[in-house]
There are 2 protein chains.
Amino acid sequence: MEKEISQAVIRRMPRYYRYLGELLEEGVERISSSDLSNRMKVTASQIRQDLNNFGGFGQQGYGYNVQFLYDEIGKILGLDKTHNIIVIGAGNLGQAITNYVKFEKFGFIMTALFDVNPKLKGRDVRGIPIYMMDELEDYCAREKVDIAALTLPKEKAEEMARLLVDLGIHAIWNFAHVDLDLRDSQVVVENVHLSDSLMQLSYNIVKNQ
Amino acid sequence: MEKEISQAVIRRMPRYYRYLGELLEEGVERISSSDLSNRMKVTASQIRQDLNNFGGFGQQGYGYNVQFLYDEIGKILGLDKTHNIIVIGAGNLGQAITNYVKFEKFGFIMTALFDVNPKLKGRDVRGIPIYMMDELEDYCAREKVDIAALTLPKEKAEEMARLLVDLGIHAIWNFAHVDLDLRDSQVVVENVHLSDSLMQLSYNIVKNQ
């Protein structure tokens, strides 16, 4: 892909993918941009603009082929490949992520968890082993790891992220309450800030009152 | 507050709050918009524009008083009030959210979980009781509930959301893999789509290769 596509557009792609997946489940084969627009509550022109970034996919007056568009967006998002994920921190959040089998449907495979708590040694989460943190380096040398999910306290997140970069990890899915700054590396970071999301909710509650 | 402030600005506020909190922890009392800009990796003009939505807070050439700005943004976000949260679905994700004590620091108090699984009856998560779903209505009539966190499969999320609206809940923090559409009600919804976030990461991995 030659053209740089804005992250704002990319951020909307999973949502298209989700809605198209729902249409497929309902057996819908073809949809006009205006019907898709009504369903997704975005303008038809927004949809056309977004999809034009990737070369269109629609024919004027004929609508979109749902399966084709679903598959193409899947490819754009890299979902035609498998991504192995290790989870750093096997506390509740780490275990919750590991248990979320829906991710596997999209090609995200949890392969191991790591923790410092010796009580967790030898245990597993639905068959996925929990290793001790001192086994991380060997594991990364031995196995293909694409993504590390970081569910550590913020004080430990930065240092662990640096270690993961050194171990050759390409992407970090960060749940720690801090923005990881790894722009000096080639590593991709996606921050999930659950507190920020709660604060957004809280703002809207107060505003509504 | 008279003026309608865009959700894009509101979405950035928790991040300001987070960075200001870190500055406070480091003992920083005053910061210029350019120093804050460097730290947050946004332009100083963006910061000034964002904060001007709420009346400014800075004095030209004098910078921002960190504690004052922190407190004011906290008030804007409604963090000077306490919000009671019930968690619908006491599986791994529901329990993970409940265990995340950091939320309490910001005034979000988990008060109860609800599930249909009879094995969970009478159990608790760090002292917070798990009730059966048929106790939900009585509970909501009896207790102050501000936010319901929804950690159900998407097939059940919509119906549960409707029930919660009928029970007088003001806000839903939705983790189900579906956009809840409750715009015909007064209820505030914040969707957390973890799969979308993973797909965004996957896109950036593929793009980088």
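We now examine the overall build of chain A. Scanning chain A from terminus to terminus reveals 9 helices and 9 strands. Sorting the 209 residues of chain A into buried and exposed places 54% on the buried side. Of all intrachain contacts in chain A linking residues separated by at least 6 positions in sequence, the fraction that spans at least 24 positions is 53%. A total of about 9,900 Å² of accessible surface is found on chain A, and carbon and sulfur atoms cover 47% of it. Mean positive and mean negative side-chain charge positions of chain A (24 and 29 charges, respectively) differ by 6 Å.

So, about the relation of the copies chain B and chain A. Between chain B and chain A, which share one sequence, the superposing operator has a rotation angle of 180° and an axial displacement of 0.0 Å; the RMSD is 0.0 Å. Here the copies are linked by what is in effect a two-fold axis. Most of the interface of chain B is mirrored in chain A, where 100% of its interface residues are also at the interface.

What follows concerns the interface of chain B and chain A. Facing 63 residues of chain B, the contacting portion of chain A comprises 63 residues. The contact between chain B and chain A buries some 6,000 Å² in all, and 60% of this surface belongs to carbon and sulfur atoms. Run the count over chain B and chain A and you get 8 salt bridges. We note a salt bridge from R15(B) to D179(A), for which the minimum N-O separation is 2.6 Å.

Residues and elements named next belong to chain A. When pLDDT is averaged along chain A, the result is 90; 96% of the residues meet or exceed 70. Highest mean pLDDT in chain A belongs to strand β6 (residues 128-132) (98); lowest belongs to helix α3 (residues 44-52) (87). Interface predicted TM-score (ipTM) for the complex: 0.89; the corresponding pTM is 0.87.

Closest axis-to-axis distance for the helix α5 (residues 92-99) of chain A/helix α5 (residues 92-99) of chain B pair is 8 Å, and the angle between their directions is 160°. When the interaxial angle is binned, α5(A) and α5(B) end up roughly antiparallel. Between α5(A) and α5(B) lies a crossing whose hand is left-handed. On the side of α5(A), the interface is formed by N92(A), L93(A), Q95(A), A96(A) and N99(A), while α5(B) contributes N92(B), L93(B), Q95(B), A96(B) and N99(B).

Core analysis: the biggest nonpolar cluster contains 105 residues, and W173(A) and W173(B) have the highest contact counts within it. Setting aside its immediate chain neighbours within four residues, W173(A) contacts I97(A), F103(A), I147(A), A148(A), A149(A), L150(A), E190(A), V192(A), L194(B), S197(B), L198(B) and L201(B).

For the rest of this paragraph, the subject is the sheet that holds strand β9 (residues 188-191) of chain B. All names here are of chain B. Taken in spatial order, the 7 strands make up an open sheet running β5-β6-β4-β3-β7-β8-β9, and their pairing is mixed. Sheet topology places β5 (124-125) and β9 at the edges, where each strand pairs with a single neighbour. Relative to strand β7 (residues 147-150), strand β3 (residues 83-88) runs parallel, the two being bridged by 4 bridges. The residue of β7 that forms the bridge with I88 is L150.

Turning next to unusual backbone geometry. Residues and elements named next belong to chain A. Of note, the phi angle at R126 is positive, near 35°, even though the residue is not glycine. Mapped onto the elements of the fold, R126 is located in the loop between β5 (124-125) and β6. By relative accessible area, R126 is classed as partly exposed at 36%.

Structurally, N204(B) can be placed in helix α9 (residues 194-208). A relative accessible area of 9% places N204(B) in the buried class.

This model, assessed by the stated rule, comprises 16 aromatic pairs over all chains. Ring centres of F114(B) and Y131(B) lie 5.6 Å apart, and the angle between their planes is 35°; this geometry places the pair in the tilted category. Residue F114(B) is found in strand β4 (residues 108-115), and its partner Y131(B) is found in strand β6 (residues 128-132); the two are separated by 17 residues along the sequence. Relative accessible area serves as the criterion here: at 24%, Y131(B) is assigned to the partly exposed category. Measuring from ring centre to ring centre gives 5.6 Å for Y131(B) and Y139(B), while their planes differ by 45°; the resulting arrangement is tilted. Linked through ring pairs, Y100(A), F103(A), W173(A) and F175(A) together constitute an aromatic cluster.

The subject of this paragraph is the sheet that holds strand β7 (residues 147-150) of chain A. Note: strands within a sheet are paired through backbone hydrogen bonds, in either parallel or antiparallel orientation. Read across the open sheet, the 7 strands follow the order β5-β6-β4-β3-β7-β8-β9 (chain A); overall the sheet is mixed. Lying at the two open borders of the sheet, with one neighbouring strand each, are β5 and β9 (188-191) of chain A. Taken together, the 3 bridges between strand β4 (residues 108-115) of chain A and β6(A) define a ladder with parallel strand orientation. Directly across from F114(A), in β6(A), lies its bridge partner Y131(A). Strands in contact with helix α8 (residues 154-166) of chain A are β3 (83-88), β7 and β8 (171-174) of chain A; relative to β7(A), the strand with the most contacts, it is inclined by about 170°. Sitting on the sheet, α9(B) touches β3, β4, β7, β8 and β9 of chain A, and the angle it makes with β9(A) is about 165°.

What counts, and at which threshold
- Positions within a chain are numbered from 1, following the residues in the order the chain's sequence is written.
- Here chains are named by letter from A upward and ligands by number from 1 upward, in the order in which they appear as written.
- This being a predicted model, a pLDDT of at least 70 is required before a residue's local features are given, and a value of 80 or more before pairs of side-chain atoms are given or counted; all residues contribute to the totals for chains, interfaces and linings.
- As a rule here, side-chain values cover all heavy atoms of the structure and leave hydrogens and water aside.
- Under the DSSP-based scheme used, a helix requires at least four consecutive residues in state H or I and a strand at least two consecutive residues in state E, with every element numbered from the N terminus.
- Per-residue accessibility, obtained with a 1.4 Å probe over protein chains only, is compared with the maximum for each type, and a residue is labelled buried under 20%, exposed over 50%, and partly exposed between these values.
- In this description, contact between two residues means that some pair of their heavy atoms is separated by no more than 4.5 Å.
- Surface accessibility follows the Shrake-Rupley procedure with a 1.4 Å probe radius. Residue values consider only the protein chains on display as shielding.
- Working convention for charge: Lys and Arg count positive, Asp and Glu count negative, and His plus the chain ends are omitted.
- A charged residue contributes its charge at one atom only: NZ of Lys, CZ of Arg, CG of Asp or CD of Glu.
- For this overlay, a least-squares fit was computed on C-alpha atoms, restricted to residues scoring pLDDT of at least 70 in both copies.
- Accessible surface is computed with a 1.4 Å probe, and the buried area is the amount of it that two parts give up when combined, taken over both parts together.
- Throughout this description, the term salt bridge denotes a Lys or Arg side-chain nitrogen within 4 Å of a carboxyl oxygen of Asp or Glu.
- Looking at any residue, its pLDDT shows the predictor's confidence there, from 0 to 100.
- Angular values range over 0 to 180 degrees, each being the angle between N-to-C directions of two axes fitted as lines to C-alpha atoms, with helices fitted over their stretch in contact.
- These descriptions rest on fixed angle ranges, namely under 35 degrees for roughly parallel, over 145 for roughly antiparallel, 65 to 115 for roughly perpendicular, and the rest for oblique.
- Here a crossing is taken to be left-handed if its near helix is turned anticlockwise relative to the far helix by less than a right angle, and right-handed if that turn runs clockwise.
- In plain words, nonpolar cores are sets of buried Ala, Val, Leu, Ile, Met, Phe, Trp, Tyr and Cys residues tied together by side-chain atoms within 4.5 Å.
- Strand pairing is assigned whenever DSSP detects at least two bridges linking the two strands.
- Side-chain rings of Phe, Tyr and Trp (the six-membered ring for Trp) are treated as a pair once their centres are within 6.5 Å; stacked means planes under 30 degrees apart, edge-to-face means over 60, and tilted covers the remaining angles.

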